[in-house]
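Chain residues, written in single-letter form:
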Amino acid sequence: MLRNICAVIVGLAGGMAVNMLIVMLSTVLYPMPEGVSFNDREGLAAYIETLPFTAFLIVMLAHLGQAFVGGWIAAIISRNAPMLVAMIVGSLSMIAGIYNLSTMPVPSWMWVEVPLYLIAAYTAAKIELGRRPVLD
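A brief report on the enclosed structure follows. (Residues numbered from 1 in each chain as written. Predicted model: local features only at pLDDT ≥ 70, side-chain atom pairs only at ≥ 80, totals over all residues. Heavy atoms only, no water.)

### Looking at helix H4 (residues 82-103)
Thought 1: Taking 1.5 Å of rise per residue, 22 residues should cover 32 Å, and H4 covers 32 Å from first to last C-alpha, within 8% of that figure.
Thought 2: Regarding H4, the residues found buried are Pro 82, Val 85, Ala 86, Val 89, Gly 90, Ser 93, Met 94, Gly 97 and Leu 101.
Thought 3: On the buried face of H4, the contacting elements are helix H1 (2-29), helix H3 (53-77) and helix H5 (113-131). (Helix = DSSP H or I, 4+ residues; strand = E, 2+ residues; numbered from the N terminus. Expected span 1.5 Å × (residues − 1). Buried < 20%, exposed > 50% of the residue type's maximum accessible area, 1.4 Å probe, protein only. Contact = heavy atoms within 4.5 Å.)

Given below as structure tokens:
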């Protein structure tokens, strides 16, 4: 049980790292205006309104990358419940994603990513399970 709890924590941390790396890539491609940061709600909202479609796709990739990589890491660490820990990571990532979508002025079509968090985590766990040797 302790191993599975650690799997979720490490999976979340690894997934968040991937998320932040991809988001930082987005800010390199689409830099924030001088003086605007992620902590500046009004400046961030104004910046988001100027972003092109591709910037939102990159952010969606970051969010789903978090669920996929985090789920895969958790599944790798877990011995007896890889699907469960991956889905917990996917679910927690999805909850965070819903919070982000509801607090930031993003296009409404971005809500399509919500169920994809679970699909990404599930796919990661299936890949890990397929990679493991079959025990008789």
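Let's pick the thread back up.
### Notes on the packing of aromatic side chains
Two numbers describe a pair of aromatic rings. These are the distance of the centres and the angle of the planes.
Thought 1: Tallied over the entire structure, the rule returns three aromatic pairs.
Thought 2: Plain terms: the ring middles of Phe 53 and Trp 109 are 5.0 Å apart, the flat faces sit at 40 degrees to each other, and that makes the pair tilted. Here the residue Phe 53 occupies a position in helix H3, and Trp 109 occupies one in the loop between H4 and H5, the gap between them amounting to 56 residues.
Thought 3: The class for Trp 109 is partly exposed, based on a relative accessible area of 31%.
Thought 4: Judged by centre distance (5.6 Å) and plane angle (75 degrees), the rings of Phe 68 and Trp 72 are edge-to-face. (Phe/Tyr/Trp six-rings, centres within 6.5 Å; stacked < 30°, edge-to-face > 60°.)

### Structural notes on H1
Thought 1: Across its 28 residues, H1 extends 41 Å between first and last C-alpha, which sits within 8% of the 40 Å expected from 1.5 Å per residue.
Thought 2: For H1, the complete set of buried residues consists of Asn 4, Ala 7, Val 8, Gly 11, Leu 12, Gly 14, Gly 15, Asn 19, Ile 22, Val 23, Ser 26 and Thr 27.
Thought 3: Against the buried residues of H1 lie helix H2 (41-50), H3 and H4.

### Let's talk about a nonpolar patch on the surface
Thought 1: On the surface, Phe 53, Leu 57, Trp 109, Val 112, Leu 116 and Ile 119 cluster together into a nonpolar patch covering about 520 Å² of accessible area.
Thought 2: Secondary-structure elements contributing two or more residues to the nonpolar patch are H3 and H5.
Thought 3: Position of Leu 116 relative to the elements: it lies in helix H5.
Thought 4: When its relative accessible area of 30% is taken as the criterion, Leu 116 is described as partly exposed. (Patch = residues over 30% accessible without salt bridge, like charges linked within 9 Å, V, L, I, M, F, W, Y side chains within 5 Å. Areas by Shrake-Rupley, 256 points an atom, 1.4 Å probe, with all protein chains shown as cover. Salt bridge = Lys/Arg side-chain N within 4 Å of Asp/Glu carboxyl O.)

### What to know about the pattern of salt bridges
Thought 1: Applying the stated criterion to the full structure yields one salt bridge.
Thought 2: A salt bridge links Arg 131 to Glu 128; its shortest N-O distance comes to 2.7 Å. Residue Arg 131 and its partner Glu 128 are located together in helix H5, separated by three residues, close to a single helical turn.

### Quick word on the packing of H1 against H3
Thought 1: Their axes nearest at 7 Å, the elements H1 and H3 cross at an angle of 160 degrees. Accordingly, the angle class assigned to the pair H1 and H3 is roughly antiparallel. Here the hand of the crossing between H1 and H3 comes out right-handed.
Thought 2: Among the residues forming the contact of H1 with H3, the class breakdown is 17 nonpolar, nine polar and one charged. (Axes fitted to C-alpha atoms, helices over the stretch in contact; angles between N-to-C directions. Parallel < 35°, antiparallel > 145°, perpendicular 65-115°, else oblique. Left-handed = near helix turned anticlockwise from the far one by under 90°. Nonpolar A, V, L, I, M, F, W, Y, C, P; charged D, E, K, R; others polar.)

### Observations regarding the packing of H4 against H5
Thought 1: It is at 8 Å that the axes of H4 and H5 come closest, and there the two elements cross at 160 degrees. Relative to H5, the element H4 lies roughly antiparallel. Helix-helix and strand crossings are classified by hand; for H4 and H5 the assignment is right-handed. Of H5, the residues touching H4 (which contributes Pro 82, Met 83, Ala 86, Met 87, Gly 90, Ser 91, Ser 93, Met 94, Gly 97, Ile 98 and Leu 101) are Glu 113, Val 114, Tyr 117, Leu 118, Ala 121, Tyr 122, Ala 125, Lys 126 and Leu 129.

### Things to note about the side chain of Gln 66
Thought 1: By the secondary structure assignment, Gln 66 is in helix H3.
Thought 2: Discounting residues that sit within four places of it in the chain, Gln 66 has contacts with Gly 15, Met 16, Asn 19, Gly 71 and Ser 93.

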